[in-house]
Structures are given as structure tokens and as C-alpha cells.
Amino acid sequence: MRTRTPDERLEGKRRAAPSTLVIFGANGDLTRRKLLPALYRLAAERRLPAGFAVLGNSRTPLSDEQFRERMREAVARYLEDADFDARLWEEFSRALFYLPGDLRDASLYERLAARLEEIDRTCRTAGNVLFYLSTAPGLYPEVVTRLASSGLHTGPGWRRIVIEKPFGRDLADARELSRLLYRAFPEEAIFRIDHYLGKETVQNILAFRFANGIFEPLWNRRYIDHVQITAAESIGVEGRGAFYQEVGALRDMIQNHLLQVMATVAMEPPAAFEPEAVRDERAKLLRSIRILKEHEVDSCAVAGQYASARIGGEDVPGFRQEPGVDPESQTETYAALALLVENWRWAGVPFYLRTGKRLPRRVTDIAIQFHAAPHALFGGVGIAEPMRPNLLVLRIQPEEGISLRFLAKLPGSGMKLRPVSMDFNYGASFGLRAPTAYQTLLLDAMAGDPTLYTRQDMVEACWAVVQPILEAWARRRFDFPNYAAGTWGPPEAEALLARRGHRWRSP
Ligand code: BG6
């Protein structure tokens, strides 16, 4: 792979090559909510390559026109803060095509090959194809095998494949999927997506740590007491009950998003800002996370499931009452872990991770709590104990920014102290709308830049961390539900930190 100049990488205008994006699962939620709105935004910003087309596939019989109409509705609905421009849509949607068919049917792949040739001619996509697997994960092995047996994995231009999580159901399954992938594609053509790595504020952690001289010297066990990583969602399972029931919070959020965020916070500085150098450091950190022994799981991991509640005058169903969910379901909608990293920098520093559905609000952040000052010169006048240490909060969403809490003297006579905060807010400082994670990641895949994608060794390291917990929980019968919708999770999660002398902060 050619090394990018710092300007090419840093200016963010990666050279996306002409290509056709084939979306398997084009009638699904992800395509509607994330992929098409991201592509439309890229079109609006004139960042798509000159030759570009989308070919959607799913079993639903639709014409190109009907597919475009569905996508128009989706984009108009999920664009969030941007305006929908009908004229731009007209232009953009001319490059949207659709091919109905069952992915288990061999003849579909022949039709796909023919359609790709035709699109390549009319849209001048240079024979490049980016396959995007956004189907039910159970279909991945079949699709990958059939792409290879029908010869679609090679072609006149490049062939790449983007795979949505989950990468397997556990460590063994992830290895099997990777074996199939490697039979068809080389590593540099495989893009395993973890959209948290594409979030601007997660990328900013690298800038914050490695472009500034003052934080990195403090970034270790000597100064940091513990780290809390929270990804809370106020929504429930949103019509995905049947899918979610098979997955649960540990597989859905921790095995991938939260461990990747943790790796970004805790990794060593890479030697260069190049894909493999950055990924090597992330991978090394993930491999240094201490793997729990069977008998430690109960004291280091907590599972929860939400019960129905009345929130803001509305009745919210419990997880077991959601459509498609077993009324006796043992699936966790909340998970909290206490992890340790076994290396010189972090020995003994707990990393607490928590995530859940139906928590009080949507917030993702990382709180770095420093040790308290070694000597209480001011006697702690008027300051509650947990308020004292310095706290650095990296806010990923929704109000992206960074805050540093420290103590200041309250004006007036005497030496009364009060915590105050120094704040950086993304929106206010840059006045720009940040690209969505999918915008960044789709463009990177078209440019062949895997920096923000995960690698097989990272995926396996993440599975290795959660595997003992998955196994222990599979053997247990939980007394679910154990937290009311709209609260911060089960009481055991508080006890998890209390045992270590800490307390969850309220984000
Ligand atoms: C997805 C999970 O990967 O991430 C969802 O499958 C979750 O359950 C989503 O809601 C959260 O993403 P974001 O970007 O909204 O924080």
C-alpha cells in the first residue's frame, strides 16, 4: 500500500476511486438510516468520485425506480440536521440501481456480474466494486463463498468487501468467517466496519493525545486513577427485538464499539499516522487486556435487562414485552465490565465500560479520573470527596467536546473551593457540521484506506476479552428484569465500582 502524505490523510480528502457500491441487504434498516443518507451527504459535498453507482440487492422485488423512491423517502427522513434538496436528489439518484434476488440462489450472482458490467459502462466506474455486507449475519458465509465461486471476487478493477458487525457470534465463529473471507479476498481488500472508529470525536482522541504535548506525559497509572467509558442509549430495541434477543449488549456494543474506544484511549503512540502503524497499536492494546478467569466473571461483569416503566407520562414496555422477544428472555440489554490492562502504562488502573438500552439519556463519553492531589492543603473545605480529583471528559455524543474539571477558589474571604470546568465544544469552535461516521468510512473504503477499520487480529482480541463472560452468562439464569426503563441500570452495576472504591459518574 502506498503511504499517504500527511496532507492527503490529514486534510480528509481521501482519494475515493470510481466504483460501484453493491449493497447486500439494501432493504434493511442500516441502508435506510445510515448508508444512503451518508452517500447523499457526500454527493451534496461533491466528495463522491466522478464515476460512482450504487447497486442495491435484497429479496424484495423492486424496479430501479421503486428502489430510488424508497431511498428518497429514507434520505429525506434520516438526514437529521441537513436539508433535503430535490434537485440534487434527481442527479444523485440516477446512479442508484437495484437487483432483486435471493443470496442463496447461484443464478443471482450471474445476473449480478452482468449488471455490474452494464453499470460500469454507463457510469464509468473503472471496473472497481465495493461489496457491502449488510444482511443478516447468518448469510455472510454463504455470500462470501458464492462471490468467490462465481468469480466476482476478482475483476478488471479492484474488488473490496465491507462487513458489518457482528463478525461472528464468538471467537470460534469469527475465526471461521475469517477463514472463508481469506479464501476469497486478501486482507487489504477486507474492511470490517466498526462505525465508532469513524466518529469524528473518537478520531479526535488521537489528535488530543498525540498532537499536544501536555496530556500524554500524564496519561498513565502514575496520574490516572481510573477510566469510565459510557455508551448509554435512551431508545429501546426499536423493532429489532428478534435480532437483538440473539445478540445482547455485550456482543452488540462492548465486543466492538466500546473495546475499540478503550483501545483508542489507552494505546501507545504509533510511530506514524499510517494505517498499519495505528492499527498495530490498537491491536497491541486489545491483546493486553486481562482475560477474566471463570471465577472472576461475577465480580467483574454485570448484566441487566430493562423492565417496563412510565416515563414522562408514557408507558414504556419492558424488553420482554417488545415484539419478537421471548417473554422469558435471558438476553442482557445492559452490560458493565471492570477491565484491567496488563502493561507498564496501565497496570492496576481499572477501565470501567458500561452500555445499555433505555437508560435516562443518549450519551457516549469517556471520563478519565486523575488521582487526587497528594496532600490536602486546603483541608477539603466544602468539597464532597468524589468531586475533588481532576476529571477529563471526552464527550463523543451528543454534545461533542472535551471538559477538564479542576478546583478553583470561591470568591470571597476564606479558602473555599469549588469544582469548575474548562470546556471545548466542537460545534462552537469550528462552526462546521462534522461528517457522520458512515460518510468517513465509506469514503475511506473507496480510497482503500483501512486506518479506521478493524483487523482480524483486533476482532479476535475483542472476542477473547468477552468470551469468558459470554460463556459464564450462558450458564446462568438471571433474575431479569433488574432495572426499570429510564434508570441508570441495575444496582449491581453500582456495587461493581463500589467494591473498588469508585462510583459511576452521572454523565
Ligand atoms: C449499533 C448497535 O452498532 O450501534 C445498535 O447495533 C446501537 O444497537 C448503535 O443502537 C449505536 O450507534 P450510535 O452511533 O447511535 O451510538
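Above this note sits the structure.
Calculation criteria
Residues numbered from 1 in each chain as written. Predicted model: local features only at pLDDT ≥ 70, side-chain atom pairs only at ≥ 80, totals over all residues. Heavy atoms only, no water. Pairing = 2+ DSSP bridges. Helix = DSSP H or I, 4+ residues; strand = E, 2+ residues; numbered from the N terminus. Axes fitted to C-alpha atoms, helices over the stretch in contact; angles between N-to-C directions. Contact = heavy atoms within 4.5 Å. Parallel < 35°, antiparallel > 145°, perpendicular 65-115°, else oblique. Left-handed = near helix turned anticlockwise from the far one by under 90°. Nonpolar A, V, L, I, M, F, W, Y, C, P; charged D, E, K, R; others polar. Phe/Tyr/Trp six-rings, centres within 6.5 Å; stacked < 30°, edge-to-face > 60°. Buried < 20%, exposed > 50% of the residue type's maximum accessible area, 1.4 Å probe, protein only. Lys NZ or Arg CZ within 6 Å of the ring centre and 35° of its normal. Near = heavy atom within 4 Å. Polar contact = N/O pair within 3.5 Å; in protein donor to acceptor, adjacent residues only side chain to side chain. Areas by Shrake-Rupley, 256 points an atom, 1.4 Å probe, with all protein chains shown as cover. Patch = residues over 30% accessible without salt bridge, like charges linked within 9 Å, V, L, I, M, F, W, Y side chains within 5 Å. Salt bridge = Lys/Arg side-chain N within 4 Å of Asp/Glu carboxyl O. Bend = angle between axes of the 7 residues up to and from the residue. Core = buried A, V, L, I, M, F, W, Y, C linked by side-chain atoms within 4.5 Å.

Colleague: Describe the sheet that holds strand β8 (residues 301-304), with residues and values.
Modeller: Strand order in the open sheet formed by 8 strands is β8-β12-β13-β7-β14-β15-β16-β17, with mixed pairing between adjacent strands. Where the open sheet ends on each side, the last strands, each with one partner, are β8 and β17 (417-425). Neighbour-to-neighbour, the strand axes of this sheet turn through a mean angle of 15 degrees, independent of strand direction. Two elements, strand β16 (residues 401-409) and β17, share 9 bridges in a ladder whose sense is antiparallel. Its bridge partner lying in β17, I402 is registered against F424. Running over the sheet, helix α15 (residues 456-475) touches β8 and β12 (334-339) and is turned about 55 degrees from β8.

Colleague: Describe the packing of helix α7 (residues 171-184) against α15, and please don't skip the residues or the numbers.
Modeller: Orientation of α7 relative to α15, taken along the N-to-C sense of each, is 165 degrees, at an axis distance of 9 Å. Viewed along their axes, α7 and α15 adopt a mutual orientation that is roughly antiparallel. Along this stretch, α7 crosses α15, giving a crossing that reads as right-handed. Residues L171, A174, R175, S178 and Y182 of α7 pack against Q456, V459, E460, W463 and Q467 of α15. Looking at the contact of α7 with α15 residue by residue, the class counts come to 5 nonpolar, 3 polar and 2 charged.

Colleague: Got a sec to walk through the packing of aromatic side chains? Specific residues and values, please.
Modeller: Summed over all chains, the structure comprises 21 aromatic pairs. Ring centres 6.0 Å apart and planes at 65 degrees place the aromatic pair Y352 and W504 in the edge-to-face group. Of this pair, Y352 sits in strand β13 (residues 351-356) while W504 sits in the segment after α16 (491-498), and the two are 152 residues apart along the sequence. Judged by its relative accessible area of 7%, W504 is buried. Seen from their ring centres, W473 and F478 are 5.9 Å apart, and the 85 degrees between their planes marks the pair as edge-to-face. The exposure class of F478 is buried, given its relative accessible area of 11%. What links up through ring pairs into an aromatic cluster is the set Y244, Y306, F319, Y334 and Y483. Sitting over the ring of Y196, K199 keeps its end group 4.6 Å from the ring centre.

Colleague: I'd like to hear about the site of the ligand, residue by residue, with values.
Modeller: Looking at the ligand, the residues that line it are K165, H195, Y196, K199, E233, R240, D252, M253, H257, K357, R362 and Q397. With respect to the ligand, the side chain of K357 contributes an N or O atom lying 2.7 Å from an oxygen atom. Bound to the protein, the ligand loses 85% of the 400 Å² it would expose on its own. Per element, the largest residue contribution to the shell around the ligand is 3 residues, and it comes from helix α10 (residues 241-266). Its residues assigned to classes, the shell around the ligand shows 2 nonpolar, 3 polar and 7 charged.

Colleague: How would you explain a nonpolar patch on the surface if you had to name every residue and give the values?
Modeller: Taken together, the side chains of L377, F378 and M415 make up a nonpolar region of the molecular surface, amounting to roughly 290 Å² of accessible area. By the secondary structure assignment, M415 is in the loop between β16 and β17. M415 sits in the partly exposed class, given a relative accessible area of 35%.

Colleague: Report on the packing of helix α2 (residues 29-44) against helix α4 (residues 86-93), specifying residues and quantitative values.
Modeller: Across the interface, α2 lies against α4 with an axial gap of 10 Å and an inter-helix angle of 105 degrees. Comparing their axes, α4 and α2 come out roughly perpendicular. Residues L36, L39, Y40, A43 and A44 of α2 form the contact with α4, whose own contacting residues are L88, W89 and F92. By residue class, the composition of the contact of α2 with α4 is 8 nonpolar, no polar and no charged.

Colleague: Which residues make up the pairing of strand β15 (residues 391-397), and what values do they have?
Modeller: With 6 of its 7 residues buried, β15 lies for the most part within the structure. Inspection of the sheet shows strand β14 (residues 363-370) paired to β15 by 6 bridges, in the antiparallel sense. Across the sheet, Q369 pairs through a bridge with L391, a residue of β15. For β15 and β16, the ladder comprises 5 bridges, and the chain directions are antiparallel. Bridge pairing in β16 places L392 opposite L404. In this structure, the hairpin formed by β15 and β16 is closed by a connection of 3 residues.

Colleague: Now, about α10: what can you tell me, with residues and values included?
Modeller: Bending of α10 peaks at approximately 90 degrees at the position of G248. Most of α10 sits out of view: 23 of its 26 residues are buried.

Colleague: Explain the nonpolar core to me, and be specific about the residues and the numbers.
Modeller: Counting 157 residues, the largest nonpolar core has L39, F131, I161, L259 and I366 as the members making the most contacts within it. Take this core: its biggest share by element is 12 residues, from α10. Those residues in contact with L39, other than ones at most four positions away along the chain, are L21, L48, F52, V54, F92, L442 and M446.

Colleague: Tell me about the sheet that holds strand β6 (residues 190-193), and please be specific about residues and values.
Modeller: The pairing of strands in a sheet comes from backbone hydrogen bonds and takes either a parallel or an antiparallel form. Across the sheet, 6 strands lie side by side as β3-β2-β1-β4-β5-β6; this open sheet has parallel pairing. Looking at which strands have only one partner, the edges of the open sheet turn out to be β3 (96-100) and β6. With direction set aside, neighbouring strand axes in the sheet form an average angle of 20 degrees. Across the sheet, helix α5 (residues 106-123) lies against β1 (19-24), β2 (52-58), β3 and β4 (129-133), angled at about 165 degrees from β3, the strand it touches most.

Colleague: Can you tell me about unusual backbone geometry, naming the residues and giving the values?
Modeller: What you tend to see is this: most non-glycine residues have negative phi, and most peptide bonds are trans. Look at the link from K165 to P166: it is a cis peptide, with omega at 0 degrees. Going from F480 to P481, the amide bond is cis rather than trans, its omega being -5 degrees.

Colleague: Which residues make up the pattern of salt bridges, and what are the values?
Modeller: For the coordinates displayed, the defined rule picks out 31 salt bridges. A salt bridge links R68 to E65; its shortest N-O distance comes to 3.0 Å. Taken together, the residues span about one helical turn, with R68 and E65 both in helix α3 (residues 64-78) at a distance of 3 residues. Of the residues examined, R68 reaches a relative accessible area of 14% and is grouped as buried. Of the charged contacts in the structure, one is a salt bridge between E281 and K284, with a shortest N-O distance of 3.0 Å. Of this pair, E281 and K284 both sit in helix α11 (residues 275-288), separated by 3 residues, roughly a single helical turn. By sharing partners, the salt bridges in this structure join E276, R279, D280, R287, R455 and D457 into a single network.

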